[in-house]
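Residue-level structural notes
Residues per chain are reported as follows:
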Amino acid sequence: NEFKKKFPTVNLVIGNQAQDKYYSYWMDRGYLEPQKMTQTKELFDLAAYCRTDKTIVLLVTETIMDDDNDEYRANISMRAFAVTPNSILTHVQTSRDDHSRASNLRAKKGAFDTCLDDILLEIAPPKEKK
């Protein structure tokens, strides 16, 4: 939803549709499960495979969960790449914490959403002045 708000005029492929495309990318290369992306060539190949003008790849690099004193804490580190089949347009790296008394899933979602906010600040188009 945050991507839709920041890019209201762009045709977005997100959620399950994007995940299915990502899984298909790896299956077409002979893997039953997605592999860890370690080379820029893989980013370029994925962008070409998706056949989009721009592909944003989110990589969760680390997730730390802790439950202490009836409070759940999560720390998520992410990297995001806005890529075309030929170049990296933008690269963002972020790490955020969140906590919840209700559940570790809520803490994890809060940390993830905050990471997305950081990423969107860097890759969203500038707002037009009125």
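Up top is the structure these notes are about.
A few words now on the overall build of the chain. When helices and strands are tallied, the chain shows four helices and three strands. Dimensions along the principal axes, computed over C-alpha positions, put the chain at roughly 50 × 50 × 25 Å. Among the 130 residues that make up the chain, the fraction classed as buried is 29%. Once local pairs closer than 6 in sequence are excluded, the contacts in the chain between residues at least 24 apart make up 48%. Carbon and sulfur atoms form 46% of the exposed surface of the chain, whose accessible area is close to 9300 Å². Charged side chains of the chain number 19 positive and 20 negative; the gap between the two group centres comes to 7 Å.

Right, let's get into the environment of Val92. You can see Val92 is positioned in strand E3 (residues 88-100). By relative accessible area, which is 6% here, Val92 ends up buried. Not counting chain neighbours up to four residues away, the residues in contact with Val92 comprise Met78, Arg79, Ala80, Asp118, Ile119, Glu122 and Ile123.

About the thresholds
Residues numbered from 1 in each chain as written. Predicted model: local features only at pLDDT ≥ 70, side-chain atom pairs only at ≥ 80, totals over all residues. Heavy atoms only, no water. Helix = DSSP H or I, 4+ residues; strand = E, 2+ residues; numbered from the N terminus. Buried < 20%, exposed > 50% of the residue type's maximum accessible area, 1.4 Å probe, protein only. Contact = heavy atoms within 4.5 Å. Areas by Shrake-Rupley, 256 points an atom, 1.4 Å probe, with all protein chains shown as cover. Lys, Arg positive; Asp, Glu negative; His and termini not counted. Charge placed at Lys NZ, Arg CZ, Asp CG, Glu CD.

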